[in-house]
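Overview (structure and organization)
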Amino acid sequence: MRQLFYLLCVIGTLSQAEMFNGEMQQYMESLRAAALKEDPSFTGFDARRGEQIFTSEHIGKKGRPVSCVSCHTDDLTQKGENISTGKVIEPLSPVANPKRFTKVKDVKKWLRRNFKDVYKRAGTAQEKGDVITYIVTKERR
């Protein structure tokens, strides 16, 4: 059983390595280490949890129901629109927008802003890793 766990971890790491540049691989590894520190039972990022985080609706910082989908839409290969400003948002999916998830600085900035907008708090390392995993694997499933 333990060998199966390690094999799944290696497969997950290899598949992420194919999706991310070196800088993003390091960032994902730092999120993984932080998630393990936050919760010693952490076993890895999960796209299903990420989907739940991304699609669930909450009373956002402006006092109205909002989710990530409110601006980014259900189809991550399509452009979205900021519901507050009307600004067009380029597709989140790296399949449609190869510039996504290439610069850690941008990823951190937008995760911080979007978690605060929707959840009114910073996301945990596990939540951030789960959401990234969901976004980059959605169109590949």
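Below you will find a few notes about this structure. Per chain, the residues get numbers from 1 upward, laid out in the order the sequence is written. Since the coordinates come from a predicted model, pLDDT governs what is reported: local features require at least 70, and pairs of side-chain atoms require 80 or more to be given and counted, while whole-chain, interface and lining totals use all residues. Side-chain measures were taken over the full set of non-hydrogen atoms in the model, leaving aside hydrogen atoms and water.

**Topic: the overall build of the protein**
- Scanning the protein for helices and strands turns up 6 helices and 4 strands.
- Its helices and strands taken in sequence order, the protein reads α-α-α-β-β-α-β-β-α-α from the N to the C terminus.
- Any residue under 20% of the maximum accessible area for its type is buried, any over 50% is exposed, and the rest in between are partly exposed; the area is computed with a 1.4 Å probe on protein chains only. Burial statistics for the protein: of 141 residues in total, 35% are counted as buried.
- Areas reported as accessible are Shrake-Rupley estimates using a 1.4 Å probe. Residue values count occlusion only from the protein chains shown. For the protein, the exposed surface amounts to about 8900 Å²; the carbon and sulfur share of it is 54%. Think of it this way: any DSSP run of H or I at least four residues long counts as a helix, any run of E at least two long counts as a strand, and we number them from the N terminus.

**Looking at the state of the cysteines**
- The term disulfide is used for any two cysteine sulfur atoms that are within 2.5 Å. Here the structure, examined in full by the defined rule, presents 0 disulfides.
- Residue C68 stays outside any disulfide, its sulfur separated by 8.6 Å from that of C71, the closest cysteine.
- The class of C68 is buried, set by a relative accessible area of 13%.

**Things to note about the pattern of salt bridges**
- Salt bridge, as applied in this entry: a Lys or Arg side-chain nitrogen positioned within 4 Å of an Asp or Glu carboxyl oxygen. Counting across every chain of the model gives 5 salt bridges.
- The residue K79 makes a salt bridge to E90 at a minimum N-O spacing of 3.8 Å. Here K79, found in the loop between helix 4 (68-72) and strand 3 (80-81), pairs with E90, found in the loop between strand 4 (88-89) and helix 5 (104-119); they are 11 residues apart in sequence, far enough to count as distant.
- E127 serves as the salt-bridge partner of R121, at 2.7 Å between the closest nitrogen and oxygen.

**Some remarks on the nonpolar core**
- As used in this record, nonpolar core signifies buried Ala, Val, Leu, Ile, Met, Phe, Trp, Tyr and Cys residues forming a set joined through side-chain atoms within 4.5 Å. Of all hydrophobic cores here, the largest spans 29 residues; its most connected members are Y27, F54, F101, I132 and I135.
- The contact rule is simple, with two residues in contact once any of their heavy atoms fall within 4.5 Å. If sequence neighbours within four positions are ignored, I132 has contacts with F20, Y27, M28, L31, F101, V107 and L111.

**Regarding a positive patch on the surface**
- Positive charge collects at one region of the surface, where K87, R112, R113 and K116 lie side by side.
- Within the secondary structure, K87 is located in the loop between strand 3 and strand 4.
- With a relative accessible area of 57%, K87 lands in the exposed category. Two distance rules govern patches: like charges are joined within 9 Å, and nonpolar side chains (Val, Leu, Ile, Met, Phe, Trp, Tyr) within 5 Å, applied only to residues with over 30% relative accessible area and no salt bridge. Under the convention used here, Asp and Glu are negative, Lys and Arg are positive, and both His and the chain ends fall outside the count. Where a charge sits is defined by one atom per residue type, namely NZ (Lys), CZ (Arg), CG (Asp) or CD (Glu).

**Details of the packing of helix 2 (residues 22-38) against helix 6 (residues 125-138)**
- Axis geometry follows a simple rule: fit a line to the C-alpha atoms, using only the stretch in contact for helices, then measure angles between N-to-C directions, giving values from 0 to 180 degrees. The geometry of helix 2 relative to helix 6 is characterised by a closest axis approach of 8 Å and an angle of 140° between their N-to-C directions. Relative to helix 6, the element helix 2 is oriented oblique. Note that helix 2 runs across helix 6; the crossing there is left-handed. Listed contacts from helix 6 to Y27, M28, L31, A34, A35 and E38 of helix 2 are A125, Q126, K128, G129, I132 and T133.
- Each residue is assigned to one class: nonpolar for Ala, Val, Leu, Ile, Met, Phe, Trp, Tyr, Cys and Pro, charged for Asp, Glu, Lys and Arg, and polar for all the others, Gly among them. Tallied by class, the residues present in the contact of helix 2 with helix 6 amount to 7 nonpolar, 3 polar and 2 charged. What sets the label is the angle itself: under 35 degrees gives roughly parallel, over 145 gives roughly antiparallel, 65 to 115 gives roughly perpendicular, and the rest give oblique. We call a crossing left-handed when the near helix sits turned anticlockwise from the far one by less than a right angle, and right-handed when that turn is clockwise.

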